[in-house]
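Coordinates in review
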Number of protein chains: 2
Amino acid sequence: MVSIKDIAKRCGVSTATVSKALNGQPDIGEETRERILHLADELGYMANATARALKTNRSYNIGVLFVDPMHGGLAHEFFSTVLDGIRSEAEKHGYDITFINRNVGSRQTSYLQHCRYRGVDGVVIASADFNDPMVTELVQSDLPVVTIDHIFNNRISVMSDNMQGMEELVRYAASKGHRKIAIIHGELTGVTRNRLTGFHRACEEFGITVPEEWIREGVFHDPASCRRITKELLAMPERPTCIFFPDDYSWIGGMNAIRDAGLKVPRDISAVGYDGIPLSRIMSPVLTTWRQDTEKLGTIAADRLIEQIEHPRTVILDREIVTGSLQEGGTVGEI
Amino acid sequence: MVSIKDIAKRCGVSTATVSKALNGQPDIGEETRERILHLADELGYMANATARALKTNRSYNIGVLFVDPMHGGLAHEFFSTVLDGIRSEAEKHGYDITFINRNVGSRQTSYLQHCRYRGVDGVVIASADFNDPMVTELVQSDLPVVTIDHIFNNRISVMSDNMQGMEELVRYAASKGHRKIAIIHGELTGVTRNRLTGFHRACEEFGITVPEEWIREGVFHDPASCRRITKELLAMPERPTCIFFPDDYSWIGGMNAIRDAGLKVPRDISAVGYDGIPLSRIMSPVLTTWRQDTEKLGTIAADRLIEQIEHPRTVILDREIVTGSLQEGGTVGEI
DNA sequence: ATGTATCACTTAAACGATTACGCGAAGGAG
DNA sequence: CTCCTTCGCGTAATCGTTTAAGTGATACAT
């Protein structure tokens, strides 16, 4: 591998001069700089990130913590898009990304130790068990951190607009004349709580009262539970005209239950969902959902983190909210 | 950050001794070793991967090249599982992974240069444009390389068993009495060619002849094109009893075309697919497919690469084939 | 002529680790 | 008692880069 030394030798200058020329420092003569740059190019010189990182204490590497709570499975759809966002934004700024885990060599350690080991410049917490003390340790460290969809004290976070999304969905349904709305929600995480808040707030806005038995807890991404619950809802003496589903996969279960009952969407009953991943667009009927801009969630997170890394003093603690958009399908009928 | 020097000072030994103690070298007294290990532990010492890499020229980092040919989108389902496989296997061996791209700092370079910049120990080529000269450059370099689903000269590759998978699917359909089989395949890549070879081979085995017009090129992961082609197939005077689809998403298009035609699966027509991602299991009817073990594709690739990195001389150039399995659904009827 | 500023470079230390080599002491063999 | 091993540890170089401080030359003002 050709190093700065080789160039120095061949150019008859010191390594310091080469380094400065390559880094665009001002105290290098124009002619010398040209010679160095040209030779570097000719020899196919490539800087050594390792050596640079050792000296400067900046790795241009950002850590991504993603612990799948459900251990693999469908949740990846959300994550892979977020990851793509992080990745592309990071690349744009010359950063690479490293997955944070608990191994170094053959030992087990904490997430923070792994970060120190690799010398990452900062961390995006994309998904994690927020009660895990190791996550807390990481959050309370002196490393720059940005979290996605979770708020920590004194830490920047990027949130999807679960509350507003729900509000918009209710408004949309209401605008089509729906007043009898049922909701199946996911597990009671922070995300779900926000969505429910938005739901209730918007219902109130339209004077809609939702009976207890129309508010049901399902399981995210699980068609089976949703199918069962939908069946129960449809069997009630007083039946809703519109059902809210927690996500696209759940809707598949709901759709089947509706079909089983011999009903047609949106003629006999309406449905709205959440997420609106590409999958939902290619099924028929196409679900009307709130589309989360998950990629943007990733790009913003990376952007905020890099800002924090590069301008540590001007950091403003903020909670950025990434708004989604209503994605009309064909599952909401007029009343 | 506490370094080897701090430990050395506090223990009254040299840094060499500390290093050797921490690395389990033999020429350290038992008592000294204990003292060092204990103190390291007490001070929360963590090795600095950067410094180590600089000195040893081993980063314990493996590069992953993934260039999405379709630029984002659905193909990620396949990739995210492969990636998970690579990631978990790498972690198990104490390696981290780095995505290979074309940026270093704010400059554009080649994949190989990026690898050199980061000093990765090897590369898994998970997906790429194999005609790209930069990919060729990478493959012909002196870095350890493993490719997934593509063969290069003198390079280890891990292949999914497209040929065998297809054979098994044909055998299955044939065992249910099907003799009139149509196939919609994806773009004519290496993967597709293998599948077609398997398809024809197995057809021959059962004396099945497939008319030209029943062999159709569609687009991977694209319901629309598949819907159109399926419609055409169904409109032919002589209609197949079973249609092969290139993947789960395509099948959604096919399913819709079948429904449009007023036909029922599997009563009126049968269908088989490929991939068998979780999605296909939650739709109804459940598609009968060949399930690729994509995660294993990733773990094997990582495993082979690490083997190559750690034992460069005992490397056997091989083509490992990861077998999938038939996943019965409800889309193939008896004839 | 003297002092001073600027320019273009060099020197040398440092980042945190690894490792070839050397060296003194202890112990055993002869 | 001398010689040779073995053991346990230290010395010092090194990986490739950055950067504070220094240096000599030139130019300019006074």
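Please refer to the structure placed before this passage.
Since the structure is predicted, the reported quantities are computational estimates derived from the model, not experimental observations.

Here the focus is the overall build of chain A. If you tally the helices and strands in chain A, you get 13 helices and 14 strands. Across its three principal axes, chain A shows a C-alpha extent of roughly 90 × 40 × 35 Å. When burial is assessed residue by residue, chain A has 55% of its 335 residues classed as buried. Sequence separation of at least 24 residues holds for 70% of the intrachain contacts in chain A that already meet a minimum separation of 6. Accessible area for chain A stands at about 15000 Å²; split by element, carbon and sulfur atoms hold 49% of it. Averaging the locations of the 37 positively and 45 negatively charged side chains of chain A gives two centres separated by 3 Å.

Once that is clear, we can look at the protein's contact with DNA strand C. Taken together, 28 residues surround DNA strand C, and among them A:T17, A:G29, A:T32, B:I4 and B:S19 come closest. Between DNA strand C and A:T17, the relevant distance is 2.3 Å, taken from a phosphate oxygen to a side-chain nitrogen or oxygen of the residue. Within the contact set of DNA strand C, a phosphate oxygen lies 3.3 Å away from a side-chain nitrogen or oxygen of B:K5. Only helix 2 (15-22) and helix 4 (49-56) of chain A together with helix 1 (4-11), helix 2 (15-22) and helix 4 (49-56) of chain B provide two or more residues apiece to the surface near DNA strand C. Ranked by residue count, the leading element in the surface near DNA strand C is helix 4 of chain B, at 5 residues. Of the residues that constitute the surface near DNA strand C, the class distribution is 11 nonpolar, 10 polar and 7 charged.

This brings us to the sheet that holds strand 5 (residues 122-127) of chain B. Residue and element names in this part refer to chain B. On the basis of which strands lie adjacent, the open sheet formed by 6 strands has the order 2-1-5-6-7-13 and parallel pairing. Bordering the open sheet on either side are strand 2 (96-99) and strand 13 (319-322), each of which pairs with just one other strand. Pairwise comparison of adjacent strand axes, ignoring direction, gives a mean angle of 20° for this sheet.

Listed per partner, the contact involves 50 residues of chain B and 50 residues of chain A. Across the chain B/chain A interface, buried area totals approximately 4300 Å², and carbon plus sulfur atoms make up 56% of it. Considering only the surface of chain B that becomes buried against chain A, B:M46, B:Y117 and B:R118 emerge as the three largest contributors, covering 15% of it. Counting across the chain B and chain A interface gives 2 salt bridges. Across the chain B-chain A interface, the total number found is 14 residue pairs in polar contact (both at pLDDT 80 or more). Looking at the side of chain B that touches chain A element by element, the count peaks at 7 residues for helix 5 (residues 76-92) of chain B. Considered class by class, the residues forming the side of chain B that touches chain A number 23 nonpolar, 18 polar and 9 charged.

With an RMSD of 0.2 Å, the operation that places chain B on chain A is a rotation of 180° combined with a shift of 0.1 Å along the axis. In the structure described here, the two chain copies are related by an operation that fits a two-fold rotation axis. Of all interface residues in chain B, 100% are interface residues in chain A too; the two copies therefore contact each other through one and the same surface.

The next thing to look at is the pattern of salt bridges. One pass over the structure, following the stated rule, counts 45 salt bridges over all chains. Between B:D142 and B:R116 there is a salt bridge, and its shortest N-O distance comes to 3.2 Å. Pair noted here: B:D142 is in the loop between helix 7 (133-139) and strand 6 (145-148) and B:R116 is in helix 6 (residues 111-118), with a separation of 26 residues, a long-range link. Between B:E334 and B:K176 there is a salt bridge, with its nearest N and O atoms 3.8 Å apart. Of this pair, B:E334 sits in the segment after strand 14 (325-327) while B:K176 sits in the loop between helix 8 (162-175) and strand 8 (181-185); the two residues are 158 residues apart in sequence, bridging distant segments of the chain. A network of salt bridges, in which partner residues are shared, links A:E167, A:E168, A:R171, A:R201 and A:E205.

Residue and element names in this part refer to chain A. It is at 10 Å that the axes of helix 1 (residues 4-11) and helix 3 (residues 30-43) come closest, and there the two elements cross at 125°. With respect to helix 3, the element helix 1 is oriented oblique. Between helix 1 and helix 3 lies a crossing whose hand is right-handed. From helix 1, I7, R10 and C11 reach across to helix 3, where they touch R35, I36, L39, A40 and L43.

On to the sheet that holds strand 6 (residues 145-148) of chain A, then. All names here are of chain A. Pairing is parallel in the open sheet, where 6 strands are placed in the order 2-1-5-6-7-13. Here the strands that pair on one side only, and so sit at the sheet edges, are strand 2 (96-99) and strand 13 (319-322). This sheet shows a mean twist of 20° between the axes of neighbouring strands, independent of strand direction. As paired strands, strand 6 and strand 7 (residues 156-160) are joined by 3 bridges and run parallel to one another. Its bridge partner being in strand 7, I148 is matched across the sheet by V158. On top of the sheet, helix 13 (residues 294-310) reaches strand 1 (61-66), strand 5 (122-127), strand 6, strand 7 and strand 13; it is set at about 165° to strand 6, its chief contact.

Once that is clear, we can look at helix 2 of chain B. All names here are of chain B. Buried within helix 2 we find T17, V18 and A21. What you see down the axis of helix 2 is that its buried residues fit within an arc of 100°, all on one side. Looking at the packing, one finds that the buried side of helix 2 touches helix 1 and helix 3 (30-43). G24, located one to two residues past helix 2, shows a positive phi value of around 70°.

Here the focus is the protein's contact with DNA strand D. In the neighbourhood of DNA strand D, 27 residues make up the surrounding shell, with A:S19, A:Y45, B:T17, B:G29 and B:T32 lying closest. Between a phosphate oxygen of DNA strand D and a side-chain N or O atom of B:T32, the distance comes to 2.3 Å. Secondary-structure elements contributing two or more residues to the surface near DNA strand D are helix 1, helix 2 and helix 4 of chain A together with helix 2 and helix 4 of chain B. In terms of residue count, helix 4 of chain A provides more of the surface near DNA strand D than any other element does, 4 residues in total. The class makeup of the residues in the surface near DNA strand D is 10 nonpolar, 10 polar and 7 charged.

Further remarks concern the nonpolar core. Here is a general trend for soluble globular proteins: nonpolar side chains tend to be buried in one another's company. With 84 residues, the main nonpolar core has A:F244, A:W251, B:F244 and B:W251 as its most contacted residues. Contacts of B:W251, omitting those with residues within four sequence positions, involve B:F245, B:I258, B:V265, B:A271, B:M283, B:P285, B:L287 and B:T331. Counting 50 residues, the second largest nonpolar core, distinct from the first, contains A:F66, B:V64, B:F66 and B:A301.

Let us now look at a positive patch on the surface. Residues A:R259, A:K264, B:R259 and B:K264 make up a contiguous surface patch of positive charge. Take A:K264: it is sitting in the loop between helix 11 (248-260) and strand 11 (270-275). Its relative accessible area of 51% is what places A:K264 among the exposed residues.

Reading guide: rules and limits
- Each chain has its residues counted from 1, following the order in which its sequence is written.
- As a convention, the first chain written is A and the first ligand written is 1, with the rest following in written order.
- Reporting in this predicted model follows two pLDDT cut-offs: at least 70 for local features of residues, and 80 or more for side-chain atom pairs to be given and counted; totals over whole chains, interfaces and linings ignore these cut-offs and use all residues.
- No hydrogens and no water enter the side-chain calculation; it runs on all heavy atoms of the structure.
- Going along the chain from the N terminus, every DSSP run of H or I of four or more residues is numbered as a helix, and every run of E of two or more is numbered as a strand.
- We call a residue buried when its accessible area falls under 20% of the maximum for its residue type, exposed when it is over 50%, and partly exposed in between, using a 1.4 Å probe and counting protein chains only.
- The contact rule is simple, with two residues in contact once any of their heavy atoms fall within 4.5 Å.
- Surface accessibility follows the Shrake-Rupley procedure with a 1.4 Å probe radius. Residue values consider only the protein chains on display as shielding.
- When charges are counted, Lys and Arg are positive and Asp and Glu negative, with His and the chain ends excluded.
- By convention, charge coordinates are those of NZ in Lys, CZ in Arg, CG in Asp, or CD in Glu.
- Proximity criterion: a residue is near a molecule or strand once any of its heavy atoms comes within 4 Å of it.
- Any N or O atom pair separated by 3.5 Å or less is treated as a polar contact, with the protein-specific requirement of one donor-capable and one acceptor-capable atom, and with residues adjacent in sequence counted only for side-chain atom pairs.
- Amino acid classes used here: Ala, Val, Leu, Ile, Met, Phe, Trp, Tyr, Cys and Pro are nonpolar; Asp, Glu, Lys and Arg are charged; the rest, including Gly, are polar.
- The pairing criterion is simple: DSSP has to find at least two bridges between the two strands.
- Fitted lines through C-alpha atoms serve as axes, helices being fitted only where they are in contact, and the angles separating the N-to-C directions of these axes extend from 0 to 180 degrees.
- Buried surface area refers to the total accessible area, computed with a probe of radius 1.4 Å, that the two partners give up upon joining, counted for both partners together.
- The term salt bridge refers to a side-chain nitrogen of Lys or Arg lying within 4 Å of a carboxyl oxygen of Asp or Glu.
- All copies are superposed by least squares; the fitting set is the C-alpha atoms of residues with a pLDDT of at least 70 in both.
- Should an angle fall under 35 degrees it is called roughly parallel, over 145 degrees roughly antiparallel, and 65 to 115 degrees roughly perpendicular, with every other angle called oblique.
- Left-handed describes a crossing whose near helix is turned anticlockwise from the far helix through less than a right angle; right-handed describes the clockwise counterpart.
- Of all possible arcs, the one meant is that of the directions from the helix axis to the C-beta atoms.
- Side-chain atoms within 4.5 Å are what join buried Ala, Val, Leu, Ile, Met, Phe, Trp, Tyr and Cys residues into a set we call a nonpolar core.
- Two joining distances apply to patches: 9 Å for like charges and 5 Å for nonpolar side chains (Val, Leu, Ile, Met, Phe, Trp, Tyr), and every residue must have over 30% relative accessible area and no salt bridge.

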